[in-house]
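Structural characterization, general
The lines below spell out each chain.
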Amino acid sequence: MAAAWGGDNRAMPAVLNPSPLFLPCAAGVEPLLADEVRAILTAAGAPRAAESVRAERGGVSLIGSAATAMRLNLESRLAQRVLWQVAEGGYRDERDLYELACSVRWSDWITPRQTLRVDTTAVRSPLQSLHFASLRIKDAVCDVMREDSGERPNVDPHRPDLSLVLHLHEDHATISVDLSGEALFKRGWREAKGEAPLKETLAAAMLAAAGWHGRPEDGALLDPCCGAGTIAIEAAQIACGIAPGLQRSFAFERLLPFRLEAPAWQAMKAEARARVHAPAVPVFAGDVSFRMTDFATRNAERAGVAHAIEFKTMDALQRPCPAERGVLVLNPPYGERIDAKGTGSAGQAARLVREDFEGGGTSQAFFSSLAAHWKRHHAGWTAWVLTPDAKLGQAMRLKESRRVPMWNGPIECRLLRFDLVAGSNRAGRPAEGAPARDADQDA
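This one's a predicted model, so the numbers in the text were calculated from it and none came from an experiment.

1. With respect to the overall build of the chain
- Of regular secondary structure, the chain possesses 16 helices and 16 strands.
- A total of 443 residues make up the chain; the buried ones form 52% of that total.
- Pairs at least 24 apart in sequence give 78% of the contacts found in the chain among residues at least 6 apart.

In structure tokens:
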């Protein structure tokens, strides 16, 4: 923690000074998250923190205060967690890691009656056992606190008060406090789930990549294959100005330094509640399954946006256009997504796909019919489709105008943009032989 506090870390005050923060995210989402964090901090009147934002592999780094960390937990739709760095330095073995962890005065973070957990990640680390590295960090925390107070905290692997993340590079280590607790995709409203629900953070990334921010100029939003309703609910919360973390608690609320921030935290949440408004643009969603639209409706009710979404149980190939202009955003079914654990046989995955597609047909027939339906009824709209199939555009007989790499858990996908034109999609196509642009080409 020397970088953040200066001098002897054991003498650090309980009031937190600005420190390095890291917000991990799904692969491919880093530039979108960097833009989101800058926008959040600029709107909050923290331009210096916004200027420090840097997109890195696997997430975004910045220098921020306790207020910055709390606000990012409350407001970020794309981050997986908010990590507060407390120590960093070189290492050769587990003894060096132990000494690094001993440099922090842990009694300023928790009491001996609270609990802790240590998780370790690594990139090209020479250590043989990450589990042993975690144990050495745990030992250091307990030894420091026993020296300070005569008592030591216990380990809780499920819901600890202090969750630490040790990240090991080849010869450099960082120790961070996880201020979020449960991952940020857990917004606090989901109960009913489909076979393999889309994470809220990925749904939000799809909307961000599409440039849809819930403003009147963005047009209506439609997800005709909504499943449990994640995309539509994220969109409706954006359209209503609802902060994604407003319905949940965070790990930092149980940590000693942030107890001093309790009045500021309550004021921050009150400010967020005061920003909630009627939807600025309509959101439409539906699914061929009555069970899924029922799930989605109940999820929307818990998320506080049932009034902002029009759900219909209807075949996507028959749904009429709900508005003059707008954006289609969907995560249609595919074998790997339906087979949620990824362990089923190829035959089982194919069976699940055939059952889930409207009309019981094959995926190729479904997407070909869907494209024809869009060209007849959604001319002038833009469609964004998340898929692991690099040849989906060929199956739909549409030419994508943009490809954004994204990962749906372990599945490498592309978010494809199609600009829909009545009758055919030749107008507006890239020149013959010109490749569709990837996200980094659009930066």
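There's more to say after this.
2. Some points on the nonpolar core
- The biggest cluster of nonpolar side chains holds 105 residues, and the ones touching the most others in it are W84, W106, W109, V177, F258, I309 and M406.
- Sequence-distant contacts of V177, that is, excluding residues within four places in its chain, are made with V82, L83, W84, V86, W106, W109, L162, S163, L164 and L255.

3. With respect to the state of the cysteines
- Counting across every chain of the model gives zero disulfides.
- Unpaired in this structure, C225 has its nearest cysteine sulfur neighbour in C226, at a distance of 8.4 Å.
- On the accessibility criterion, C225 (8% relative accessible area) is buried.

4. Re the sheet that holds strand 1 (residues 19-24)
- Strand order in this open sheet of eight strands is 2-3-1-4-8-7-5-6, and the pairing throughout is mixed. Unpaired on one side and paired on the other, strand 2 (54-56) and strand 6 (154-155) mark the two borders of the sheet.
- As judged from the two bridges shared by strand 5 (residues 115-122) and strand 6, these two strands associate in the parallel manner. Bridging across to strand 6, L116 finds its partner in V155.
- Contacts from helix 2 (residues 30-43) reach strand 1, strand 2 and strand 3 (59-64) within the one sheet, and its direction differs from that of strand 3 by about 25°.

5. As for the pattern of salt bridges
- Within this structure, the stated rule accounts for 25 salt bridges.
- E75 is paired through a salt bridge with R71; the nearest N and O atoms lie 4.0 Å apart. Taken as a pair, E75 and R71 lie in helix 4 (residues 66-75) at a separation of four residues, close to a single helical turn. A single burial state applies to E75 and to R71, both of which are buried.
- In this structure, D96 and R92 form a salt bridge, with 3.6 Å as the shortest nitrogen-oxygen distance.
- Overall, the relative accessible area of 22% leaves D96 in the partly exposed class.
- What emerges from the salt-bridge pattern is a single network uniting R71, E75, E271 and R275.

Thresholds, definitions, all that
- Residues numbered from 1 in each chain as written.
- Predicted model: local features only at pLDDT ≥ 70, side-chain atom pairs only at ≥ 80, totals over all residues.
- Heavy atoms only, no water.
- Helix = DSSP H or I, 4+ residues; strand = E, 2+ residues; numbered from the N terminus.
- Buried < 20%, exposed > 50% of the residue type's maximum accessible area, 1.4 Å probe, protein only.
- Contact = heavy atoms within 4.5 Å.
- Core = buried A, V, L, I, M, F, W, Y, C linked by side-chain atoms within 4.5 Å.
- Disulfide = S-S within 2.5 Å.
- Pairing = 2+ DSSP bridges.
- Axes fitted to C-alpha atoms, helices over the stretch in contact; angles between N-to-C directions.
- Salt bridge = Lys/Arg side-chain N within 4 Å of Asp/Glu carboxyl O.

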